[in-house]
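Geometric and topological summary
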Amino acid sequence: MTHTAVEAARQALTPAPIGVRRVVLKLSGEVFGGGAVGVDPTVVRHMATQIATVVRRGVQVAVVVGGGNFFRGAELSRAGMDRSRADYMGMLGTVMNCLALQDFLEKEGIDTRVQSAISMAQVAEPYIPRRAIRHLEKGRVVIFGAGAGMPYFSTDTVAVQRALEIHAHTVLMSKNGVDGVYTADPRTDPTARKLDSLTFAEALLQGLRVVDQTAFSLCQENALPMLVFGAEGEDSVARALSGERIGTLITAEPIPDRGGKTT
């Protein structure tokens, strides 16, 4: 295991000194809607409170939000809509979620900037990685909207791409209805077993689809650790942002335990 991979894994497992840890948090759009179409203010307020708590401790947090509570490009495409147009509709849905989260974060007293991959100057800055880094260094939360600004890219993949560009230590994937990576879909297979850790190569080989496989590949190629955890729970987002080991940690290479073995 290379020195770089070991250090990356340790940063994912243990909170770095205050002001050093930088993470990208991917939030599911379905969570924002509370299981329905639109935005549930109670849910978004709770998410904002958890994020604000961690930001006050000095953690630098950037967020990517899905748009599944409004539109899903792939589903609209299967219903007969042009895929590119459907994906652009989904991107606009993510920006609506970004603005909702920004509003509740600022009500918590946290300076927040929305950066959009599609130009919409009245409501968001353009996506500029170096500007995003500067915002984070100043203690602001940055919320990335409109996906990659191009069709056919999932917000899972965008979360990884943004994490790489802003030099985040970890990408945190919050999932709706599942608290980690399982050997099979736990909602349909009662024998499915939760995995505490695995490598990206193992996830790709086993065809585990809790996260987009392009996102897995990007993380593997760049040794970027990923934590997959459940959105449900009173403080699951805050715990993940703080560096607590919950859910499933996925790394480029196996993680050695304290006895020198790999897991």
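Small disclaimer: the values here were computed from a predicted structure and weren't measured.

Overview of the packing of helix α3 (residues 41-55) against helix α5 (residues 83-107)
- Two elements in contact, α3 and α5, have axes whose closest approach is 8 Å; the angle formed by their N-to-C orientations is 55°. Here α5 runs oblique to α3, going by the angle between their axes. Between α3 and α5 lies a crossing of right-handed hand. Between α3, through Pro41, Val44, Arg45, Ala48, Ile51 and Ala52, and α5, the contact on the second element is made entirely by Ala100, Leu101, Phe104 and Leu105.

Comments concerning the sheet that holds strand β4 (residues 125-126)
- As summarised here, the arrangement of the 9 strands in space is β4-β3-β5-β2-β1-β6-β10-β11-β9, forming an open sheet in which the pairing is mixed. Because the sheet does not close on itself, it has two edges, and the strands there are β4 and β9 (197-199).
- In this structure, strand β1 (residues 22-27) lies alongside strand β6 (residues 170-175), joined through 4 bridges in parallel fashion. Following the sheet pairing, lysine 26 is matched in β6 by methionine 173.
- Across the face of the sheet, α5 comes into contact with β1, β2 (60-65), β3 (112-116) and β5 (141-145) while running at roughly 165° to β5.

Concerning the nonpolar core
- Within the largest apolar cluster, 40 residues are counted, with the highest numbers of intra-cluster contacts made by Leu27, Ile51, Val63, Leu101, Ile143 and Leu241.
- Contributions of two or more residues to this core are made by β1, α2 (29-32), α3, β2, α5, β5, β10 (226-230) and α10 (236-241).
- For leucine 27, the contacting residues outside a window of four places in its chain are Phe32, Met47, Ile51, Val63, Val64, Val65, Gly66, Leu101, Ser174 and Val237.
- By size, the runner-up hydrophobic cluster in this structure holds 31 residues, among which are Tyr127, Met173, Val181 and Val211.

What counts, and where the lines are drawn
Residues numbered from 1 in each chain as written. Predicted model: local features only at pLDDT ≥ 70, side-chain atom pairs only at ≥ 80, totals over all residues. Heavy atoms only, no water. Axes fitted to C-alpha atoms, helices over the stretch in contact; angles between N-to-C directions. Helix = DSSP H or I, 4+ residues; strand = E, 2+ residues; numbered from the N terminus. Parallel < 35°, antiparallel > 145°, perpendicular 65-115°, else oblique. Left-handed = near helix turned anticlockwise from the far one by under 90°. Contact = heavy atoms within 4.5 Å. Pairing = 2+ DSSP bridges. Core = buried A, V, L, I, M, F, W, Y, C linked by side-chain atoms within 4.5 Å. Buried < 20%, exposed > 50% of the residue type's maximum accessible area, 1.4 Å probe, protein only.

Everything listed is a geometric property; what it means functionally is a separate question.
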